[in-house]
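Okay, here's what each chain looks like letter by letter:
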Amino acid sequence: MTGKYQFSPSIIRVLMVCLGNICRSPTAHGILEKQINNNNLKNYIYVDSAGTGDWHIGESPDKRAVEAAAERGFQIANYRARQVCSSDFKDYDYILAMDYANLRDLKKQCPAAYKRKLQLLLDYGGGGHDTVPDPYYSGDKGFELVLDLLEESCTRLLQHIKERHSLGEYGR
Ligand code: 4NP
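Residues numbered from 1 in each chain as written. Predicted model: local features only at pLDDT ≥ 70, side-chain atom pairs only at ≥ 80, totals over all residues. Heavy atoms only, no water.

Engineer: What am I meant to see in the nonpolar core here?
Structural biologist: Core analysis: the largest hydrophobic core is formed by 38 residues, its most contacted members being V14, M16, L32, L121 and L157. Residue assignment for this core shows that the elements contributing at least two residues are β1 (12–18), α1 (24–38), β2 (45–51), α2 (63–71), β3 (94–97) and α5 (140–164). Of all the elements, α5 adds the most residues to this core, at 9 residues. Setting aside anything within four residues of it in sequence, one finds L157 in contact with V14, M16, L32, Y94, L96, L121 and Y124. Listed in part, the 15 residues of the second largest apolar core include A50, L106, C110 and L120. (Core = buried A, V, L, I, M, F, W, Y, C linked by side-chain atoms within 4.5 Å. Buried < 20%, exposed > 50% of the residue type's maximum accessible area, 1.4 Å probe, protein only. Helix = DSSP H or I, 4+ residues; strand = E, 2+ residues; numbered from the N terminus. Contact = heavy atoms within 4.5 Å.)

Right under this line is the structure:
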């Protein structure tokens, strides 16, 4: 199963992963998607998000995440939560976990041949943090920190992808 997207072999695919797929990873998805569009790279890079857990499958992102993201110009309300599935390990080139628990869960499921695709998103830069703290039980400040960390790391990730895959401002 590859979900809603028909994969082309030449497109670079990024999967953002957290626990519930209702707070951190949809926010990362929305930020990177906007950056991809702003760079005219939507024919070259595709981003999606998923959770390691199954509690929120089919749900909209958390209202607090939707509102905090919208304040910064990122629209994530239309995303729907899904769980990581076995085909994701083959289909995606970058599978980026928000924290060590997500990364550990991904490593358990991932075939050996694809393990190199698994990383922490903040390996690309996170202003002194190595992981994105789970904001689910935190107040509004937690969601602001998530946005701060994700905006910086997605900017750096996109720069890395552009350089590594020789994508100029208008693609290859
Ligand atoms: P997320 O946040 O992993 O950033 O989507 C969470 C959402 C839901 C739960 C935990 C974390 N939960 O326990 O339901």
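Engineer: How should the packing of aromatic side chains be read in this particular structure?
Structural biologist: The description of an aromatic ring pair rests on the distance of the ring centres and on the angle between the ring planes. Evaluated as defined, the whole model comprises 2 aromatic pairs. Both rings, one in Y136 and one in Y137, keep their centres 4.9 Å apart while their planes meet at 80°; by these two values the pair is edge-to-face. The partly exposed category is assigned to Y136, whose relative accessible area is 30%. Over the face of the ring belonging to F74 we find K34, whose NZ or CZ atom lies 5.4 Å from the ring centre. (Phe/Tyr/Trp six-rings, centres within 6.5 Å; stacked < 30°, edge-to-face > 60°. Lys NZ or Arg CZ within 6 Å of the ring centre and 35° of its normal.)

Engineer: For this particular structure, what's the right way to read the site of the ligand?
Structural biologist: Taken together, C18, L19, G20, N21, I22, C23, R24, H56, D134, Y136 and Y137 are the residues near the ligand. Residue G20 places a main-chain N or O atom 2.9 Å away from an oxygen atom belonging to the ligand. Relative to its unbound accessible surface of 360 Å², the ligand loses 91% to contact with the protein. Along the lines of polarity and charge, the residues of the shell around the ligand split into 6 nonpolar, 3 polar and 2 charged. (Near = heavy atom within 4 Å. Polar contact = N/O pair within 3.5 Å; in protein donor to acceptor, adjacent residues only side chain to side chain. Areas by Shrake-Rupley, 256 points an atom, 1.4 Å probe, with all protein chains shown as cover. Nonpolar A, V, L, I, M, F, W, Y, C, P; charged D, E, K, R; others polar.)

Engineer: I keep staring at the environment of R104 and nothing clicks. Help me out?
Structural biologist: In this structure, R104 sits in helix α4 (residues 100–109). Residue class for R104 comes out partly exposed when judged on its relative accessible area of 48%. Considering only alpha carbons, one finds R104 and L118, 14 residues apart in sequence, at a separation of 9.7 Å.

Engineer: Looking at this structure, how should I read the packing of α1 against α5?
Structural biologist: Between two packed helices, the angle of one axis relative to the other and the distance separating the axes together describe the packing. One way to put it is that α1 packs onto α5 with a least axis distance of 9 Å and a crossing angle of 45°. Our classification of the angle between α1 and α5 gives oblique. Relative to α5, the crossing made by α1 is right-handed. Judged by residue contacts, R24, T27, A28, I31, L32, Q35 and I36 of α1 engage V146, L147, L150, E151, C154, T155, L157 and L158 from α5. Looking at the contact of α1 with α5 residue by residue, the class counts come to 10 nonpolar, 3 polar and 2 charged. (Axes fitted to C-alpha atoms, helices over the stretch in contact; angles between N-to-C directions. Parallel < 35°, antiparallel > 145°, perpendicular 65-115°, else oblique. Left-handed = near helix turned anticlockwise from the far one by under 90°.)

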